[in-house]
Amino acid sequence: MLLFLLSQQQQVEPVSTTLVQYGAVGVLALVGLIGVVVLWKRISLIVDAERARADRLETELLALNKLISSELSGHLVRATEAMREVTDMLRHRDRDRGDR
């Protein structure tokens, strides 16, 4: 009997109003969660693509460094020797002019 009186005194909201209130918050939370998941996946794909690109470019850079050290270093040595010879020849020429 006491339960009956207590239930009569409480104002009972319709179930549909309660579901709509919590349903709207739930839908917003679900949309937010889906948005976060989509953005996270997108960022993960971008990071993976950039990491692969960086690895590829690093491999190319190492190959170019190897090419420079193995093939072009000889040319650089010869070019340096040629510049030294030219400098020496110019010094001798200037010295010979100064003696006259």
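Residues numbered from 1 in each chain as written. Predicted model: local features only at pLDDT ≥ 70, side-chain atom pairs only at ≥ 80, totals over all residues. Heavy atoms only, no water.

**Description of the overall build of the protein chain**
What counts here: Secondary structure is summarised from DSSP: a helix means a run of H or I of at least four residues, a strand means a run of E of at least two, and numbering begins at the N terminus for each. Partly exposed residues are those whose accessible area sits between 20% and 50% of the maximum for their type, while under 20% is buried and over 50% is exposed, using a 1.4 Å probe and protein chains only. Accessibility throughout is a Shrake-Rupley quantity obtained with a 1.4 Å probe, and a residue counts as covered only by protein chains that appear here.
In terms of regular secondary structure, the protein chain is built from two helices and zero strands. The proportion of buried residues among the 100 residues of the protein chain is 0%. When the accessible surface of the protein chain is split by element, carbon and sulfur atoms take 66% of a total near 9,600 Å².

**Focus on a nonpolar patch on the surface**
We apply this condition: Each patch groups residues whose relative accessible area exceeds 30% and which form no salt bridge, using 9 Å between like charges and 5 Å between nonpolar side chains of Val, Leu, Ile, Met, Phe, Trp and Tyr. A carboxyl oxygen of Asp or Glu within 4 Å of a side-chain nitrogen of Lys or Arg is what we treat as a salt bridge.
Taken together, Leu30, Leu33, Ile34, Val37 and Val38 make up a surface patch of nonpolar side chains, about 450 Å² in accessible area. Structurally, Leu30 is set in helix α2 (residues 15-99). The partly exposed category is assigned to Leu30, whose relative accessible area is 48%.

**A short note on the pattern of salt bridges**
The final tally for this structure, using the stated rule, is four salt bridges. The residue Glu60 makes a salt bridge to Arg56 at a minimum N-O spacing of 3.1 Å. Remark: Arg56 and Glu60 occur in helix α2; sequence separation between them is four residues, near one turn of the helix.

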